[in-house]
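# Chain and residue survey
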Amino acid sequence: MTKRTELPGVEGQSGHSMQRRVRTILLVATAALALTACDKLGIGGGGEPKGQVVATLDGQEITVLEVNAELAGTPIPPSMSRREAEKLALENIITRRMLAKAAEERELNKKPEFLLQERRAEEQLRVQALARDIAAKVVTPTRDEADKFIGENPYLFANRTFFILDQIQFLRPANIDKLGLEGATTMAEVEQILTANNIPFRRQPASLDSLGANPAFVKEVTSVLAKKPDELFMFATRPQGAPAPVVLVNQVKDTNVQPFTGDKAREFAVNFLRNERIQNALKAEVDRQKKSQAERVKFQDGWAPAKAKDGKAAAAKPTPLELAGEAPAAGTGMEAATAAPPAAEPAAAPAQTPAG
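First, a word on scope: everything that follows refers to the structure included in this document. All values derive from a computational prediction rather than experimental measurement.

## Quick notes on the overall build of the chain
Each helix and strand counted, the chain has ten helices and seven strands in total. Relative to its full complement of 356 residues, the chain shows a buried share of 34%. A separation threshold of at least 6 residues defines the contact pool for the chain, and within that pool the share at least 24 residues apart is 74%. Carbon and sulfur atoms make up 55% of the accessible area of the chain, which amounts to about 21700 Å² in all.

So this is what it looks like as structure tokens:
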């Protein structure tokens, strides 16, 4: 069995879910500004709803812009009309504001934990605004640059491959180096070793798409296939929330090449390169701010962060699908505000394995 490969863990929130929340917050803020403008124009005021105001709650106006913000990013079921969806969104706004006012009447918004969360949310919103500003200044790759990238990365495009694997998954034990897994030559032997050491595991078929998988895993798979196709190989990664790294013991059972070409491939490449540039620009800003930490931050005894052994913190690289804007991204918290619109979907792929 080949020597196992380790990947750093990936932490963070879903980019798409965070982006939807950020978009809603920003649109509500825009609605609030528009409401102020309406007041200056003499639109609205107390009493019955009129004009762009669709309802009032305790004399405070709710505008059509706020209703649209509530609906932003939410698909309307085919069985529901636009007006029905708008009325439901308005009801949600009214209910939320009633509950918020009830919390305020109980002075819950003055409690320390609320103030801390409020500050954190505001800071995150500012960081996301900074990220969008940085991303807006990134130059979109040209057609020639996209074509060059396609030619230099055949495993994503011309040689895009689906791998069918026989896979055993288990949480890495502390004594993994003493188990003798490196000497196993069959999946049955791996099962015997794990069973003898009372290590829970799961064995099942798995599929891997080279377009969306971790490049390091794809490199390991292709390296094994080039040398000894039947050889077992280990790969370790740490999914978000896992109590320990997950070890994957793999054996390739079949491969299927499905080229990814044409306009969709070029669009994918443009998004990949643009998001890669955005990631680099965001990282540069983070690094720039961190360099000033020594002068700007004073730690109390025992609170200074520990230095990495190699002087650098390990960083997990995004997968190709993440960089193309087609999968959730994780990282500093800035990426969610900068994700590009999804590229045209590539050809249908089998389900991803945890290695992807």
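## Considerations on the pairing of strand β7 (residues 246-257)
Where strand β4 (residues 161-171) meets β7, eleven bridges bridge the pair, whose relative direction is antiparallel. Each bridged residue has a counterpart across the sheet, and for Phe170 the counterpart in β7 is Val247. Examined bridge by bridge, strand β6 (residues 233-237) and β7 share five bridges and lie antiparallel to one another. Looking at the pairing, Thr237 lines up with Val246 of β7.

## A look at the environment of Thr185
In this fold, Thr185 is placed in the loop between β4 and α6 (187-196). In this structure Thr185 comes out as exposed when scored by relative accessible area, which is 52%. For the pair formed by Thr185 and Leu232, sequence separation is 47 residues and the distance between their alpha carbons is 6.5 Å.

## Digging into a nonpolar patch on the surface
A cluster of nonpolar side chains, namely Val297, Phe299 and Trp303, defines an oily patch on the protein surface of about 340 Å² accessible area. Within the secondary structure, Val297 is located in the loop between α9 (293-296) and α10 (320-323).

Reading guide: rules and limits
- Residues numbered from 1 in each chain as written.
- Predicted model: local features only at pLDDT ≥ 70, side-chain atom pairs only at ≥ 80, totals over all residues.
- Heavy atoms only, no water.
- Helix = DSSP H or I, 4+ residues; strand = E, 2+ residues; numbered from the N terminus.
- Buried < 20%, exposed > 50% of the residue type's maximum accessible area, 1.4 Å probe, protein only.
- Contact = heavy atoms within 4.5 Å.
- Areas by Shrake-Rupley, 256 points an atom, 1.4 Å probe, with all protein chains shown as cover.
- Pairing = 2+ DSSP bridges.
- Patch = residues over 30% accessible without salt bridge, like charges linked within 9 Å, V, L, I, M, F, W, Y side chains within 5 Å.
- Salt bridge = Lys/Arg side-chain N within 4 Å of Asp/Glu carboxyl O.

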